[in-house]
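If you want the building blocks of each chain, they are given just below.
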Amino acid sequence: MEIAASKVIFYIIAAAILFFALLSVTSKRILRAATYLFIVLISTAALYFLLNYQFLGAVQIALYAGGIVVMIIFSILLTSHAGQKFEPVSRLKFFASLLAVLVGWALSLWVILSHPFVASSKEAVEVNMDSIGKALLSYDRNGYVLVFEVISILLLAAMIGAIVISKKQPGDGETNPDNSKTSK
Amino acid sequence: MLLQYLSLMRQEVSLIFIAVLVLICELTVNQRYKKVVIPITLVLFGVHTILGFVPFDGGKLFGGMFATSHAQALMKSVLNVGVFIILLQSVAWLKKEVNFQKSNEFLILLFSTLTGMYFMISSGDFLMFYIGLEIASIPMAMLAAFDTFRSKSSEAGIKFLLNSALSSGILLFGISLFYAISGTIYFDDLPLYFSPVSPLFALGFIFFISGLAFKMSLVPFHLWTADVYEGSPTIVTSYFSVISKGAAAFITSILLFKVFFNQLYLWKDIIYLLSVLTMTVGNLFALRQTNIKRFLAFSSISQAGFILLGLVNVDSLGVTAIIYFILIYILSNLSAFGVVMAIANVTGKEEIKDYNGLYKTNPLLSLTMMLAMFSLAGIPPTAGFFSKFFLFTDAAKGGYYWLVFIAVLNTIISLYYYLLVVKAMFISPNEQPIERFRSDIYTRTALLITVVGIFAVGIYSPIFEYIRNIIDKF
Amino acid sequence: MSTQILIPFFITAVFLVAAGITLAYMLSPKSFNLQKQEPYECGIPTVGVTWLQFNVGYYTFALLFLIFDVETVFLFPWAVVMKQIGLVGLVEILIFFFILVLGLAYAWKKHALVWQ
């Protein structure tokens, strides 16, 4: 009964993810696409909660739904054509990509479904904050302290790069500064 | 224990140290003394490069997440040599008024991408590999968009970012399928689970190799290359085409030999096909280019096809030939880019026809360019001949005669278009050739290093033996 | 946590929302008026594009927020096990922190934190 119940919930969430993901990529207005993406991300968080990954679910909501969607919306509003509708895709392109997607999807699905997955012999462990924290800071096998430290470099580089690119500089926006800006 | 960690990760630690030092300089040093930062960084990085060649024992850290050996240290050192030359070449560009404001940021971003490549090469599991890949590619997009005043540069940044995000997605899907099969992400555990090959493994492998092929810009995943190479600042283009490509080739060879070794019969056909396509299509497109940056972009695509020749036959000679080829490719391509950059810095000209009659006014630059072109094409006295020769030998040893035949045909085609540039410089008449100019000391040093390298690495055989010895022990 | 308990909640939630919408649709009086289609029922209709272009400052702020958001995610598990792991954990987090604080200092120096 319990398995059946979680299955039902899983399929409902999965259907929601699929449905809104499709809406997100087919929507003609970019801001609506962002909103649908938001729903997709929230539904994914629901999936994590269903799997009992509370921390991952919380991270998903805090980072993706809370941070990245806001970023996406800001960057959409940065452009001057936020309200513009997308041009409809040409018929040939539409059918070609549909064919590619369907073939790829069918192939992947067939291969994955026909694979005899062996159930893990390890016992399921409750993933709580304690074990996450220890794994994150552990030096041993299945410990992630190196990745943890290295990510700080990724974040630093991302921060510096973003500031360099987005910061206004004297002379930005001129039509052809290539000739005038060289100091020599 | 700390000492062991420091000694095994010394290249990573010292590179991060340099990057952090530059950042601290940017934060604290007065604008007036900012000029000093670049030479100091150069010296530090030079020391870092030389120290990288000091032999030391390999080992595994963090439960196998970080694995290093003599061979991996050598790969990093080869990249170091390239980055050092690029740093030398970038000084003139960085000192321009537009770029000087953000010269330190350029260095930091450059070092960040290199750190990512280090970790990628030394990764012992897919997580570390992926994080390394992201560190290598995200700052690279920012470097591509570095010329904020040019819309083409921003376009290059966005195109690179979107493409690398897409390829990362494809790659991650492949990794997730591997995880589904095995339940582990550690490189040393994975081969145990792959041995009877399942269709799922094949599917995962195709996704995985496609993702890597995107990064290496192999045909048919190369379409982003030309636009990104053309739009980026020239120094970044040379970084893309040399360092980034070299790192991707290194990591591909490591993974294929370490993780997917037993599935050789499965992937050798894929590599074969990619190699033939990449060499041929890259060449055919390079024939038609008129912009020298686009031209070098497509020629570098076809060079990546040659790198794959070393992978079809799994043995130590193959890896040796790849490292040797990349070292020489770095020297020759950077030599060509160095000339392009020196000219673009002074005149802003980037078309091949602008080079007409260059020999009359700038004989030394023309000679350097000619050497670079000869080396890229593989004409005997230059090192490019030897590197291609070893790759061909290795493939022929594995019985891939058709592949070698196609590669030789492609070499002949490439000879044609490389000689077109030489012809433009030496033979084509021009009423108003580029005026005579003198580059700064850094550019000249960089070009001198590359020219000496093009001769020395080819003729001085102990270098090949040195690489060979290291790889044999790998 | 047993998912079985969730079922009634889930069904009730779906039911309540669906019932609310359907009931409102069925019970409400319907009248059609062209003016109702306008964004505002009073005031002047807008001229041209009503989309407003944001300042780039928003983007920089959102990005900085996001990066420190990620940092918080990493700090949280550390904080939970801080006492058990002790000094080693502290050193690890200090390295992580140091590199990111450099980033913050950089943002500060470059006036990215100032609203322009």
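Residues numbered from 1 in each chain as written. Chains lettered and ligands numbered in written order. Predicted model: local features only at pLDDT ≥ 70, side-chain atom pairs only at ≥ 80, totals over all residues.

### Considering the overall build of chain C
In terms of helices and strands, chain C carries three helices and zero strands. Starting at the N terminus and ending at the C terminus, chain C contains elements arranged as α-α-α. Out of the 116 residues in chain C, the part that is buried amounts to 17%. (Helix = DSSP H or I, 4+ residues; strand = E, 2+ residues; numbered from the N terminus. Buried ≥ 20, exposed ≤ 12 C-beta atoms within 10 Å, placed from the backbone.)

### Examining the overall build of chain B
The number of helices and strands found in chain B is 21 helices and two strands. Relative to a compact globule of 474 residues, whose C-alpha radius of gyration would be 23 Å, chain B shows 21 Å and is just as compact. Overall, the C-alpha framework of chain B stretches about 70 × 55 × 45 Å when taken along its three principal axes. Counting across all 474 residues of chain B, residues that qualify as buried make up 58%. Partitioning the intrachain contacts of chain B with sequence separation of at least 6 by distance along the chain shows that 79% fall at a separation of at least 24. (Rg over C-alpha atoms; globule rule 2.2 N^0.38 Å. Contact = placed C-beta atoms within 7 Å.)

### Focus: the interface of chain C and chain B
Taken residue by residue, the interface counts four residues in chain C and four residues in chain B. Grouping the amino acids of the side of chain C that touches chain B by side-chain chemistry returns three nonpolar, no polar and one charged. (Nonpolar A, V, L, I, M, F, W, Y, C, P; charged D, E, K, R; others polar.)

### So, helix α7 (residues 126-144) of chain B
Taking 1.5 Å as the rise per residue, α7(B) with 19 residues should run 27 Å; its terminal C-alpha atoms sit 27 Å apart, in good agreement. Burial runs high along α7(B): 17 of the 19 residues are buried. (Expected span 1.5 Å × (residues − 1).)

### Remarks on the interface of chain A and chain C
At the interface, 42 residues of chain A touch 43 residues of chain C. For the side of chain A that touches chain C, the secondary-structure elements that each account for two or more residues are α1 (2-26), α3 (54-78), α5 (129-136) and α6 (145-166) of chain A. Among the elements that make up the side of chain A that touches chain C, the one with the highest residue count is α6(A) (13 residues). For the side of chain A that touches chain C, the per-class residue count stands at 28 nonpolar, nine polar and five charged.

### Regarding the nonpolar core
One finds A:Leu154, B:Ala144, B:Ala247, B:Ile323, B:Phe325, B:Ile326 and B:Met373 to be the most contacted residues of the largest nonpolar core, which totals 209 residues. When residues of this core are assigned to their parent elements, the largest contribution, 21 residues, is made by helix α15 (residues 316-347) of chain B. With seven residues, the next largest nonpolar core counts A:Phe38, A:Val40, A:Ile42 and A:Ala45 among its residues. (Core = buried A, V, L, I, M, F, W, Y, C linked by C-beta atoms within 7 Å.)

### Remarks on unusual backbone geometry
Note the cis peptide between B:Val219 and B:Pro220, where omega equals 5°. Here the phi dihedral of A:Asn52 falls at roughly 75°; this positive angle occurs in a residue that is not glycine. Positive phi values are uncommon outside glycine, yet B:Phe62 reaches one of about 55°. Within the secondary structure, B:Phe62 sits in the loop between β1 (59-61) and β2 (66-68). For B:Phe62, a count of 21 C-beta atoms within 10 Å corresponds to the buried category.

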